[in-house]
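Here are the chains, one letter per residue:
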Amino acid sequence: MTNTIHSSFGIAEQHNVPVKEAQGNIMGKDDFLRILITQLQNQDPLNPMEDKEFIAQMANFSSLEQMTNMNKTLERFITSQQSSALVQNSELIGRKVTWEREVEVDEHRTQTVAEQHGVLSVKQEKDGTIRVLLDNNRWVTNKQIIEIHGQ
């Protein structure tokens, strides 16, 4: 009896099958699955992969998939939080606020000064920072605001 291995069971690179290049040298779940399938296809039939190894690799694959899904969910959450920040801060328009700024006393000291002004406008910078236009024509960040006054 002659043992032969069919030519389609070879490694992908031997058959000029294009291998998708990972972005930024980071393997994704498709890359991991491709390697696992190649391992299974090319294992020695007389000494197959042990169950423990296979189960460990499948657990790694499952963990990778869950981390990918969690990352996508976190990205969506962060995006929604950033867009809702502008809407939340728009409620300041027309109200008086107290805000703080650092003022230089001399070359070695600064002091925190609180001022009150009305809010004319609110905008969101490209980096997500919320800025508030006060009635003294000064833009301040919403983090400088320490008190919001009633109507």
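Residues numbered from 1 in each chain as written. Predicted model: local features only at pLDDT ≥ 70, side-chain atom pairs only at ≥ 80, totals over all residues. Heavy atoms only, no water.

### Things to note about the sheet that holds strand β5 (residues 145–148)
1) Next: Read from one edge of the open sheet, five strands run β4-β3-β2-β1-β5, paired in antiparallel fashion. In this open sheet, the two strands that pair with only one neighbour each are β4 (139–141) and β5. Taking the axes of each pair of neighbouring strands and ignoring which way they run, one obtains an average angle of 50 degrees across the sheet.
2) Next: Where strand β1 (residues 96–104) and strand β2 (residues 110–124) come together, nine bridges link them in antiparallel fashion. Bridging from a neighbouring strand, R101 pairs with V113 of β2. (Pairing = 2+ DSSP bridges. Helix = DSSP H or I, 4+ residues; strand = E, 2+ residues; numbered from the N terminus. Axes fitted to C-alpha atoms, helices over the stretch in contact; angles between N-to-C directions.)

### Considerations on the pattern of salt bridges
1) Next: Here the structure, examined in full by the defined rule, presents four salt bridges.
2) Next: Residue R101 is joined to E115 by a salt bridge in which the shortest nitrogen-to-oxygen separation is 2.8 Å. Remark: E115 occurs in strand β2 and R101 occurs in strand β1; sequence separation between them is 14 residues.
3) Next: Here R109 and D106 are joined by a salt bridge, their closest N and O atoms 3.2 Å apart.
4) Next: Classification of D106 by relative accessible area gives partly exposed; the value is 29%.
5) Next: Each of K123, E125 and R131 takes part in a single network of salt bridges with overlapping partners. (Salt bridge = Lys/Arg side-chain N within 4 Å of Asp/Glu carboxyl O. Buried < 20%, exposed > 50% of the residue type's maximum accessible area, 1.4 Å probe, protein only.)

### Some points on the side chain of H149
1) Next: Mapping H149 onto the fold places it in the segment after β5.
2) Next: Judged by relative accessible area, H149 falls into the buried class, the value being 18%.
3) Next: Of note is the side chain of H149, whose polar atom sits 3.4 Å from the side chain of Q116.
4) Next: In contact with H149, other than residues within four places in its own chain, are R95, K96, V97, T98 and Q116. (Polar contact = N/O pair within 3.5 Å; in protein donor to acceptor, adjacent residues only side chain to side chain. Contact = heavy atoms within 4.5 Å.)

### Considering the side chain of T141
1) Next: Among the secondary structure elements, T141 is positioned in strand β4.
2) Next: Assessed through its relative accessible area of 17%, T141 is described here as buried.
3) Next: The contacts of T141, once residues within four sequence positions are left out, are T129, I130 and R131.

### Here we look at the confidence of the model for the protein
1) Next: Across the protein, the average pLDDT comes to 79, with 78% of residues at 70 or higher.
2) Next: The model gives residues 1–6 a pLDDT under 50, and that stretch makes zero contacts with residues more than four places away or in other chains.
3) Next: Segment residues 8–22: pLDDT under 50, and 16 contacts once partners within four positions in sequence are set aside and those in other chains are kept. (pLDDT = per-residue confidence, 0-100.)

### Focus: a nonpolar patch on the surface
1) Next: Judged by side-chain polarity, M67, M70, L74, F77 and I78 come together as a nonpolar surface patch covering roughly 530 Å² of accessible area.
2) Next: Considering the arrangement of structural elements, one finds M70 in helix α2 (residues 51–89).
3) Next: Residue classification places M70 among the exposed positions, given a relative accessible area of 52%. (Patch = residues over 30% accessible without salt bridge, like charges linked within 9 Å, V, L, I, M, F, W, Y side chains within 5 Å. Areas by Shrake-Rupley, 256 points an atom, 1.4 Å probe, with all protein chains shown as cover.)

### Observations regarding the pairing of strand β3 (residues 130–134)
1) Next: Burial of β3 is extensive: four of the five residues sit out of reach of the surface.
2) Next: Looking at chain direction, β2 and β3 are connected through five bridges and run antiparallel. Note that in β3 the partner of K123 across the bridge is R131.
3) Next: In this structure, the hairpin formed by β3 and β4 is closed by a connection of four residues, where N137 is found at a positive phi of approximately 60 degrees.

### Things to note about the packing of aromatic side chains
1) Next: Inspection of every chain in the model, using the stated rule, returns zero aromatic pairs.
2) Next: Here the basic side chain of K123 rests over the ring of W139, its NZ or CZ set 4.4 Å away from the ring centre. (Phe/Tyr/Trp six-rings, centres within 6.5 Å; stacked < 30°, edge-to-face > 60°. Lys NZ or Arg CZ within 6 Å of the ring centre and 35° of its normal.)

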